[in-house]
Each structure stands twice: as C-alpha cells, then as structure tokens.
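For reference, the chains in residue letters:
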Amino acid sequence: MPSTDDWIHNPLGVVEGMFAASQNVPDSGWEAKAVAFFKDRLEEKDAHTRVPSLNDVPLHYLPPGSLVRFRCFIQDMFDPEFYTGAYEAADPTTGAKVLRCGKYRDVTDCAVDFNSGNTLTAERRTFYCVPIPGENPWAKEGFAASSRARVAPSTSYAPTRQKRSYEEDDDDDMDTQPQTQPHTGPQSPTEARGNGDCKRREKAAPCGPAAAPAHLDLNFPLPGEKGPSCLLKVYEERDGFTLNEAVEVFGILSVSPALGALADGDASSSLLDPAGAMETAEEQRVHSPPASLVPRLHMLHATPLPHGNPLLPAAGLEDGSACSSPSPGELSSARAELLSFLSGVLLGDALAAEYLILHLVSNVYTRRDVLPLGKFTLNLSGCPAAFPERLYRALRQLVPSSYYLAMTLQNMNQVRLVPTKDYGANRLRSGALQLARNTSLFLDESRLEQGQLDPTGVRNITALGTLISWQKVDYDFSFHTMEFSCNVNVIIASEGRSLLPAVEDDFVAMRKEAPQSVSPEDLHRMLVVARLLSVSRGHTSLSPADWLRAKQLELLRRSRTPPPPRLNEP
C-alpha cells in the first residue's frame with residue numbers, strides 16, 4: 001500500500017499501482033477503489049489540511065502531478081471531451097508492450113501505440129473554475145491559517161517568461177489588457193481598482209513549450225479580482241456539478257506546456273487535437289489556455305461548500321452532523337454584542353440594527369413554485385452622504401463574501417451584470433450577478449443621479465429587481481434567456497425609499513385604504529421576521545415571545561417607512 005505521504009506527493013503512482021494490479025483480475029472495479037482510497041484518506045482527521053491549496057500557494061511551488069486542493073466557484077461548463085483512458089506503450093528497458101493508465105492525465109510521457117486494439121477511449125467533463133467571487137480578506141486568511149501543508153519551490157516546474165505564475169500575469173493583465181467591461185466600482189469603497197457539438201481528444205506533447213498569449217481574460221465575475229483559475233477535469237459523477245456552485249476540489253495538478261499549444265493557433269494545432277480544426281481560434285484560446293496561467297486539475301474528490309466561513313464547521317448545521325454548539329447563554333451574549341456593534345455602526349439606530357441582524361442570518365431555505373421562501377432584502381433609507389461606504393466596510397468584516405455596487409448612472413448604463421453566452425468563443429461571459437450562495441450584495445442607491453438610462457441600464461435595473469423579488473437571474477443567450485436560481489442577500493442603502501422592490505410596493509397604500517385588513521404579503525413578511533428572529537436567538541422553534549417581538553418590530557418599521565415614490569409626479 002502507498003506510504004503516508006505518497007497519496008499527496010505522488011497520487012498518479014497510487015492510481016497506476018491500482019491499475020496495474022487490476023489487469024489480471026476480471027471486474028476488479030479499480031477506478032471506484034481508487035476514488036474510495038483518496039476519499040477515505042481525506043476524511044481522516046485534519047488530513048485535508050496537509051494538502052496544499054491553489055488559493056494560498058503560488059503555482060510554481062506545487063510539483064506537477066501532486067495532489068492539491070482548490071476552493072472555487074464553477075463559472076462555466078465546457079463540452080465533454082474524449083481522452084485516452086488506457087494505452088499500450090513499449091517498456092523502456094525490455095521493449096515489451098505494456099498497458100498504461102491514461103486517466104487523470106492530459107499528456108503522456110511516452111510514445112503511444114494508437115493502432116493497438118487495447119487502446120481505451122473514455123469521456124470526461126471540463127468545468128472552468130475561479131476563486132469564490134467577492135471573498136473577503138478575513139475569510140481567505142482564515143482558510144490559509146488552517147493549512148498544515150509544507151511546500152517548497154518545485155524543482156520540476158519553474159515559471160519563465162513563457163510560463164508565469166498567475167500572480168505575475170494577473171498584474172500584467174490589469175495593466176495592459178483593455179477593459180472588456182466598464183468599472184463597476186471597487187470591491188471595497190476604499191480600494192482603487194483599476195455549445196459546440198464537437199468533442200475533443202487528449203493531446204500528445206509537442207516538442208517545445210507553448211508561449212503564453214499576449215493577454216488572457218480570466219473571466220472573473222467581479223472586476224479587479226485576482227487569484228488562480230483552473231480547468232477542472234471530472235471523471236466520476238460528471239453530472240453532479242452545477243453552474244455557480246461553490247466547492248472544494250481535491251485533484252491531481254497538471255501544468256504541462258503542451259496544454260497551451262492550441263491557444264497559439266499555429267498550423268500544428270490540428271495534429272495535437274483531431275477536433276482542433278473544427279474549433280475557431282477564439283475557442284482554442286479559451287478552451288486551451290497556457291497551463292502556467294490556467295492549470296488543469298484532475299478531480300479525485302470534492303466537497304460542496306454550504307458557506308464560506310472558515311470559523312464554522314465545513315458541514316452545515318442543518319444536516320445533523322456532530323459539532324459543538326454554543327449554549328443559549330453564549331448565543332444570547334453574542335447576539336447582544338453584535339446588536340450593540342451594529343447599533344453603533346448605524347448611528348445608534350437599534351431598530352435598524354435588529355433588522356440588519358435578521359438580514360444577515362436570512363437564507364432561501366425552500367421554494368414554492370416561483371416564490372423563494374426565506375429571502376429578506378433590506379432597504380436602509382435616510383442614509384447620509386458617505387454613510388453607505390462606511391456601513392459596507394463594517395459588513396465586510398462580518399460576511400465571508402460580498403460585493404459593493406455603486407448605482408451610478410454610468411455603472412447602470414455600462415456594467416455587465418448579467419452573464420451572456422459568447423458563441424464565438426463557446427463560453428459564458430461572466431457578469432457581476434454571477435455570485436455564490438449567501439454572497440452579500442450591497443447596492444448603494446445613494447449614488448443615483450439625474451440622467452437617462454439607456455437600454456443596457458434598463459436591463460440592469462430589471463435584472464436587479466428580478467434578483468431581489470424572485471432570487472433568480474436570467475442569463476442572456478442571445479436568442480433566449482435561461483433562468484438560474486440564486487441565493488444572494490441584497491441590502492440597499494438609499495436616501496429615500498428605494499426604487500427597487502425591497503418591500504412590498506403596495507403595502508402602505510393598502511393599509512391606508514383598508515386599515516383593518518391584513519394582506520397576504522403582510523402576513524408572509526411577519527412570518528419571515530419571526531422565523532429569522534428565532535434563528536438569530538438560537539431557538540429551534542417559534543416561541544410566543546419571538547412572535548410578539550416580531551409584531552413589535554414590524555409596527556416600528558411601518559411607522560418609519562416612507563410612502564412609495566410616485567414616478568409621475570413633477
């Protein structure tokens with residue numbers, strides 16, 4: 001069996017050993033056994049922390065062929081591709097034909113006899129993955145601090161001018177790459193930011209290294225973000241991944257220079273990939289970028305990330321997993337401390353602080369037809385100048401991932417909020433609303449100014465309204481739209497009442513017309529407030545005290561809610 005660290009330092013050796021041992025055993029099921037082996041190792045206590053992370057370690061410190069992990073967001077899904085799962089090659093010492101394993105590889109390290117009847121062709125899926133959009137520094141630092149991996153600069157892979165690490169190339173791209181979409185505002189207000197039908201076959205290694213292209217658009221959803229991206233190769237459970245899912249992936253690192261050859265668009269490209277001649281140069285550039293910038297990761301195991309908080313257990317509390325829970329007294333004390341902190345941030349407004357706590361713990365827990373239950377968009381009106389930026393800086397310290405969008409006329413008319421399908425490159429161009437679950441989206445409506453919204457601005461305002469009301473984004477596929485459900489916590493800071501649908505638009509008018517009536521929207525909102533109040537207090541069921549407090553909060557809120565704006569007034 002492999003030694004203690006072989007499965008981290010040489011996972012391909014483990015796989016090849018299992019493959020070789022299975023050759024004389026019919027129906028050995030070696031592939032399932034290999035996956036189970038790595039899964040069992042990773043589930044041992046703190047074993048996963050010994051695996052180096054692409055999020056924290058520069059690429060040139062990671063040996064090719066080693067096991068690495070990546071905390072990432074699935075931004076795009078490419079077409080399935082064929083690869084050589086098993087092939088026959090000559091033994092270098094004896095010259096005898098030997099059957100080799102081609103799984104979890106991009107290129108072979110020896111000559112392949114493609115005329116052999118033992119060659120096996122298989123299929124895998126490719127996903128384009130980027131870091132979690134809007135992940136805040138404290139969350140990144142928390143994950144990095146938990147790592148126990150020991151790494152040193154790799155002796156088998158050193159970046160050159162043609163093979164650069166992502167940090168260096170990101171800096172170059174930010175300086176030289178023309179803006180493909182307008183600036184949507186800083187991640188923090190204080191930070192300045194500057195389906196094809198063909199299937200592809202695995203490539204053989206070319207003679208020399210591939211040169212990096214002049215620039216490469218890494219297609220991050222939010223502007224100004226840095227970090228690694230990767231092409232994730234998935235073999236088992238290929239249909240178990242969905243777009244916009246946050247996962248932590250454990251896989252075998254592949255950074256062969258051969259992988260960027262197709263991006264050069266030279267005459268030899270079609271020799272490396274039989275389907276290459278059927279792809280446009282733009283498709284080849286996007287689907288086969290240099291591995292020094294976009295490494296390949298061959299997945300052995302993956303775990304979903306229900307939240308992005310490094311201070312909480314990886315498994316969600318709702319799944320019944322065993323973990324230490326705080327006592328009621330500790331919860332009450334923590335809630336009181338948070339309420340005091342938020343009251344100070346909100347200039348002494350305790351009621352607004354109560355609602356902000358409910359917003360922070362809100363979550364779409366189920367859907368009834370098209371209605372997302374549990375959403376709790378919050379509009380803080382009456383915000384003085386520059387206050388929204390200060391509030392956002394405070395919120396960044398409380399949530400793992402967030403994004404600040406200044407709703408200036410220029411941003412609304414020029415920014416790409418909704419992802420769009422690029423048929424020329426056969427990829428999904430990201431938009432600022434392509435966010436991970438439970439991301440906090442902060443809309444600064446106080447930055448609105450007089451002017452005319454153009455068609456792009458109207459579409460962007462419509463997209464924001466759809467996200468707020470229905471927790472979905474309609475992606476633009478040119479000839480049609482495709483609906484993608486989301487779970488994004490939206491908070492709006494405005495001078496008056498927001499133009500966006502943060503509270504039921506007809507509620508105040510209905511109360512004026514029939515003071516004794518209780519609308520379905522009124523009841524639904526009160527139930528949501530009561531539920532979130534119970535959750536924030538650590539209660540497992542709704543108590544009479546929580547229900548009475550929810551009614552009190554709603555009465556106070558309604559007394560301070562301004563009437564809805566009338567757009568037809570002069």
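The following refers to the structure shown.

Definitions and cut-offs
Every chain begins its residue count from 1, and numbering advances along the sequence as written. In view of the model being predicted, local features appear only for residues whose pLDDT reaches at least 70, and side-chain atom pairs are presented and counted only at 80 or more, with totals across whole chains, interfaces and linings using the full set of residues. Side-chain calculation: all heavy atoms of the structure are included, whereas hydrogens and water are not. What makes two strands pair is DSSP finding at least two bridges between them. The way it works is that DSSP assigns letters per residue, a run of H or I at least four long becomes a helix, a run of E at least two long becomes a strand, and they are numbered from the N terminus. To obtain an axis, a line is fitted to C-alpha atoms, over the contacting stretch when the element is a helix, and the angle between two such axes runs from 0 to 180 degrees between their N-to-C directions. In what follows, residue pairs with any heavy atoms lying within 4.5 Å of each other are defined as contacts. Think of a salt bridge as a Lys or Arg side-chain nitrogen and an Asp or Glu carboxyl oxygen that are within 4 Å of each other. Only protein chains enter the accessibility calculation, which uses a 1.4 Å probe; a residue whose area is less than 20% of its type maximum is buried, one above 50% is exposed, and one in between is partly exposed. What a helix is expected to span follows from its residue count: subtract one and scale by 1.5 Å. Throughout, the arc means that of the directions going from the helix axis to the C-beta atoms. Side-chain atoms within 4.5 Å are what join buried Ala, Val, Leu, Ile, Met, Phe, Trp, Tyr and Cys residues into a set we call a nonpolar core. Any angle between 65 and 115 degrees counts as roughly perpendicular, while under 35 counts as roughly parallel, over 145 as roughly antiparallel, and the rest as oblique. Rotating anticlockwise by less than a right angle from the far helix to the near helix defines a left-handed crossing, while the corresponding clockwise rotation defines a right-handed one.

1. Let's talk about the sheet that holds strand 14 (residues 440–444)
Adjacent strands of a sheet pair through backbone hydrogen bonds, lying either parallel or antiparallel. Judged by pairing direction, the sheet is parallel, and its four strands sit side by side in the order 10-17-14-11 without closing on themselves. Each end of this open sheet is capped by a strand with a single partner; those strands are strand 10 (378–380) and strand 11 (402–406). Averaged over all neighbouring strand pairs, the angle between strand axes comes to 15°, with direction disregarded. Alignment of strand 14 against strand 17 (residues 489–493), held across five bridges, turns out to be parallel. By the bridge assignment, Leu441 is partnered in strand 17 with Val490. The strands that helix 9 (residues 350–360) touches are strand 10 and strand 17; relative to strand 17, the one it contacts most, it runs at about 150°. Set on the sheet, helix 12 (residues 455–470) makes contact with strand 14 and strand 17; between it and strand 14 the angle comes to about 135°.

2. As for the pattern of salt bridges
Per the counting criterion, the structure on display carries 23 salt bridges. The salt bridge partner of Glu16 is Arg105, with a shortest N-O separation of 2.2 Å. Note that Glu16 is positioned in helix 2 (residues 11–21) and Arg105 in the loop between strand 3 (97–101) and strand 4 (120–130), a separation of 89 residues in sequence. Here Glu81 makes a salt bridge to Arg124, at a shortest N to O gap of 2.7 Å. Linking Glu81 in strand 2 (residues 81–90) with Arg124 in strand 4, this pair joins segments that are 43 residues apart in sequence. One exposure class covers both Glu81 and Arg124, and it is buried. A single network of salt bridges, built from pairs that share partners, joins Glu81, Asp106, Arg124 and Lys233.

3. Observations concerning helix 15 (residues 544–560)
Spanning 17 residues, helix 15 covers 25 Å between terminal C-alpha atoms, matching the ideal 24 Å at 1.5 Å per step. When we look at burial in helix 15, the residues that qualify are Asp546, Ala550, Leu553, Glu554 and Arg557. Down the axis, helix 15 shows its buried residues gathered within 100° of arc, on one side only. Turned more than 90 degrees away from the buried face of helix 15, the exposed residues are Pro544, Ala545, Leu555 and Ser559.

4. A word on the nonpolar core
Among the nonpolar cores identified, the biggest contains 52 residues, and Leu441, Leu443 and Leu464 are the most heavily contacted of them. Setting aside residues no more than four positions away along its own chain, Leu464 makes contact with Met407, Met412, Leu417, Leu433, Leu441, Leu443 and Leu500.

5. Describing the environment of Ile132
Structurally, Ile132 can be placed in the loop between strand 4 and helix 4 (137–145). Taking the C-alpha atoms as reference, Ile132 lies 9.9 Å from Asn55; in sequence the two are 77 residues apart.

6. With respect to the packing of helix 8 (residues 328–345) against helix 9
Interaxial distance between helix 8 and helix 9 falls to 8 Å at its minimum, and their mutual angle equals 120°. Taken together, helix 8 and helix 9 sit at an angle that is classed as oblique. Taken as a pair, helix 8 and helix 9 cross one another with a handedness that is right-handed. Counted together, Arg335, Leu338, Leu339, Leu342 and Ser343 of helix 8 and Ala350, Ala353, Glu354, Leu356, Ile357, Leu358 and Leu360 of helix 9 form the full contact between these two elements.

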